[in-house]
Amino acid sequence: MTLRAVIKGSGSALPARRVSNAELAETVDTSDEWIVERTGIRFRHIAGEHETTATLATDAARRALEAAGIAATDVDLIVLATATPDQTFPASATKVQAALGINDCVAFDVQAVCSGFLYAMSVADSMIRGGGANTALVIGAETFSRILDWEDRTTCVLFGDGAGAVVLQAEAGEAGILSVALHADGRHNQLLYVDGGPSTTGTVGKLRMRGPEVFKHAVVNLATVLGETLAKADLSIADVDWVVPHQANRRILDATARKLGLSPDKVVVTVDEHANTSAASVPLAFDAAVRDGRIKRGDLIVFEAMGGGFTWGAAAVRY
Ligand code: COA
């Protein structure tokens with residue numbers, strides 16, 4: 001039987017502080033009405049002083065291990081997707097490793113912005129199928145609130161903080177990651193980026209985005225890559241039980257579903273509660289739908305995401 005990377009459990013973590021659009025409008029020239037109409041976002045969580053990417057990632061990882069019934073010491077690989085690490089180095093994955101009390105395993109970060117979780121999952125899947133790992137923690141964690149320009153209403157209302165994690169384990173059978181499709185096109189670097197970094201300005205920088213242009217690329221790329229990953233697994237859109245998309249904007253989710261001929265009932269939406277949490281958004285949405293009973297064992301799920309770079313990708317998974 002084919003050896004696959006099976007999702008054994010999931011977990012997530014959100015900062016304690018939950019901020020409504022109305023609260024944001026007290027300090028930013030915006031309104032609840034504008035944000036809801038253009039994005040579907042109602043709330044976002046903002047990290048407090050003692051909450052960081054690594055602490056949120058650790059909480060999500062603990063919950064995922066608990067759900068999987070797997071001990072932290074069984075983990076031999078941690079891949080953490082983030083564009084907002086605690087420090088430039090070491091990798092935040094090693095901070096999670098230390099916090100979980102795992103003294104020796106492979107641990108590193110991947111950086112593909114909002115597609116980071118898809119990239120991280122693909123790396124872990126390849127290592128598991130290649131025999132380089134048996135039990136992997138794949139985490140998406142971000143504190144985008146720390147790189148937002150709170151004077152720029154065209155971006156600061158769109159993002160939030162959080163973390164999501166899954167435990168993948170090698171198993172022979174029908175379940176697991178069936179196919180992955182990943183892409184990047186660096187010609188679009190300047191449509192969504194951070195205007196600082198260790199090797200250029202020596203500062204952390206702030207997020208900059210040409211939103212309407214990103215929007216147009218997102219719908220086309222996401223619909224195409226979703227079809228591509230299904231074709232790779234010899235499946236069609238009719239086989240899909242749930243699409244778990246990157247949660248950037250409700251209008252992108254609706255437009256992509258329309259383009260694919262997919263019923264909106266099959267799309268997991270959490271953008272209203274979480275806003276765009278970049279690499280954390282897919283595992284956060286997945287964990288929410290598992291815990292509220294929508295996603296069940298045996299379901300066929302497609303994850304998809306697109307982010308700065310541009311990077312984009314999708315994965316078909318039998319849960
Ligand atoms: N509150 C109130 N008004 C705002 C605002 C805010 N937070 N942000 C922008 N506006 C104003 C603009 O200034 C503009 O005013 P003008 O017409 O007087 O110039 C008007 O709203 C329309 O702006 P526009 O940027 O054309 O709006 P839009 O309908 O394209 O929506 C986004 C903007 C950012 C919500 C939308 O383009 C988007 O979601 N893009 C994708 C972004 C994304 O998800 N990126 C992440 C992918 S990983």
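Cut-offs applied
Residue numbers run consecutively from 1 along every chain, following the written order of its sequence. Local features are withheld for residues below a pLDDT of 70 in this predicted model, meaning they are given only at 70 or higher, and side-chain atom pairs are given and counted only at 80 or more; totals for whole chains, interfaces and linings count all residues. Each side-chain value is derived from all of the structure's non-hydrogen atoms; neither hydrogens nor water enter the calculation. Should a side-chain nitrogen of Lys or Arg be within 4 Å of a carboxyl oxygen of Asp or Glu, the pair is scored as a salt bridge. Every helix listed is a DSSP run of H or I at least four residues long, and every strand listed is a run of E at least two residues long, numbered separately from the N terminus. Per-residue accessibility, obtained with a 1.4 Å probe over protein chains only, is compared with the maximum for each type, and a residue is labelled buried under 20%, exposed over 50%, and partly exposed between these values. Being paired, for any two strands, means DSSP has found at least two bridges between them. Helix axes are fitted only over the stretch in contact, all axes being lines through C-alpha atoms; the angle between N-to-C directions runs from 0 to 180 degrees. The criterion used for residue contact is that any of the two residues' heavy atoms lie within 4.5 Å. For the purposes of this section, nonpolar cores are sets of buried Ala, Val, Leu, Ile, Met, Phe, Trp, Tyr and Cys residues that join through side-chain atoms within 4.5 Å. For every domain, the bounds stem from an assignment made automatically or drawn from a database. Known as pLDDT, the predictor's per-residue confidence is scaled from 0 to 100. What counts as a ring pair is set by centres within 6.5 Å for rings of Phe, Tyr and Trp (its six-membered ring), and what kind of pair is set by the plane angle: stacked under 30 degrees, edge-to-face over 60, tilted for all other angles. Whether a residue is near a molecule or strand depends on its heavy atoms: it is near if one of them lies within 4 Å of it. Any N or O atom pair separated by 3.5 Å or less is treated as a polar contact, with the protein-specific requirement of one donor-capable and one acceptor-capable atom, and with residues adjacent in sequence counted only for side-chain atom pairs. Note on areas: Shrake-Rupley with a 1.4 Å probe; residue coverage comes only from the protein chains shown. In this classification, the charged set is Asp, Glu, Lys and Arg, the nonpolar set is Ala, Val, Leu, Ile, Met, Phe, Trp, Tyr, Cys and Pro, and all remaining amino acids, among them Gly, are polar.

Q: It is not clear to me how the pattern of salt bridges should be interpreted in this structure. Could you clarify?
A: Side chains that differ in sign of charge can pair as their charged atoms come close. In this structure the tally under the stated criterion is 13 salt bridges. Taking the shortest distance from any N to any O, the salt bridge between D149 and R208 comes out at 2.9 Å. Taken together, the positions of D149 in the loop between β6 (135-143) and α6 (153-156) and R208 in strand β10 (residues 207-209) put the pair 59 residues apart, joining distant regions of the chain. Taking relative accessible area as the criterion, D149 reaches 16% and is therefore assigned buried. In this structure, R210 and E213 form a salt bridge, with 3.1 Å as the shortest nitrogen-oxygen distance. Among the charged side chains, a salt-bridge network with shared partners connects D149, D195 and R208.

Q: Can you walk me through the sheet that holds strand β8 (residues 176-184) in this structure?
A: Paired through their backbone hydrogen bonds, the strands of a sheet run either parallel or antiparallel. Judged by pairing direction, the sheet is mixed, and its 4 strands sit side by side in the order β8-β13-β12-β11 without closing on themselves. The two strands at the open ends of the sheet, each matched to only one other strand, are β8 and β11 (242-245). Neighbouring strand axes in the sheet, compared pairwise and without regard to direction, differ in orientation by 15 degrees on average. Note that β8 and strand β13 (residues 311-318) share 8 bridges and pair antiparallel. The partner of S179 across the bridge, within β13, is A316. Against the sheet, helix α5 (residues 116-129) contacts β8, β12 (300-307) and β13, and its axis sits at roughly 125 degrees relative to β8. Relative to the sheet, helix α7 (residues 211-232) contacts β8, β11, β12 and β13, its axis offset from that of β12 by approximately 145 degrees.

Q: Would you mind showing me how to read the environment of L148 here?
A: Along the polypeptide, L148 turns up in the loop between β6 and α6. You can call L148 buried: its relative accessible area is 1%. Along the chain, L148 and H188 lie 40 residues apart, while their C-alpha atoms are 20 Å from each other. Apart from residues no more than four positions distant in its own chain, L148 is found in contact with T155, C156, F159, K206 and L207.

Q: I'm lost on the nonpolar core in this one. Help?
A: Burial of nonpolar side chains together is a common tendency in soluble globular proteins. Counting residues in each nonpolar core, the largest one holds 46 residues, and the members touching the most others are V157, L230 and V302. At the level of elements, α7, α8 (250-260), β12 and β13 are the ones that each hand at least two residues to this core. Broken down by element, the residue count for this core peaks at 8 residues, all from α7. Looking at which domains feed residues into this core, each of domain 1 (3-173) and domain 2 (177-318) supplies at least three. In this structure, L118, V166, V282 and F303 belong to the second largest nonpolar core, which totals 36 residues.

Q: Whenever I open this one, the confidence of the model for the protein chain confuses me. Can you help?
A: Close inspection of predicted coordinates is inappropriate in any region flagged by low pLDDT. Model confidence for the protein chain is summarised by a mean pLDDT of 97, while 100% of its residues fall at 70 or above. Here α8 is the element of the protein chain with the lowest mean pLDDT, 93, and strand β4 (residues 77-81) is the one with the highest, 99.

Q: Please explain the packing of aromatic side chains as it appears in this structure.
A: Overall, the coordinates contain 4 aromatic pairs when judged by the stated rule. Plain terms: the ring middles of F286 and Y319 are 5.5 Å apart, the flat faces sit at 90 degrees to each other, and that makes the pair edge-to-face. Separated by 33 residues along the polypeptide, F286 in helix α10 (residues 281-291) and Y319 in the segment after β13 bring together distant segments of the chain. For the pair shown, F286 and Y319 are each scored as buried.

Q: Where do I start with the site of the ligand in this structure?
A: Of all residues adjacent to the ligand, which total 23 residues, the nearest are T30, R38, R153, G211 and N249. In the environment of the ligand, a nitrogen atom lies 2.7 Å from a nitrogen or oxygen atom belonging to the side chain of T30. Side-chain polar atom of W34 to an oxygen atom of the ligand: 3.2 Å apart, as the coordinates give it. Considering the ligand on its own, with 970 Å² of exposed area, one finds that the protein chains cover 73% of that surface. For the shell around the ligand, the elements supplying multiple residues, two or more each, are α2 (32-39), α6, α7, α8 and β12. Counting residues per element, the shell around the ligand draws most heavily on α7, which supplies 4 residues. Across the shell around the ligand, the residue classes break down as 11 nonpolar, 8 polar and 4 charged.

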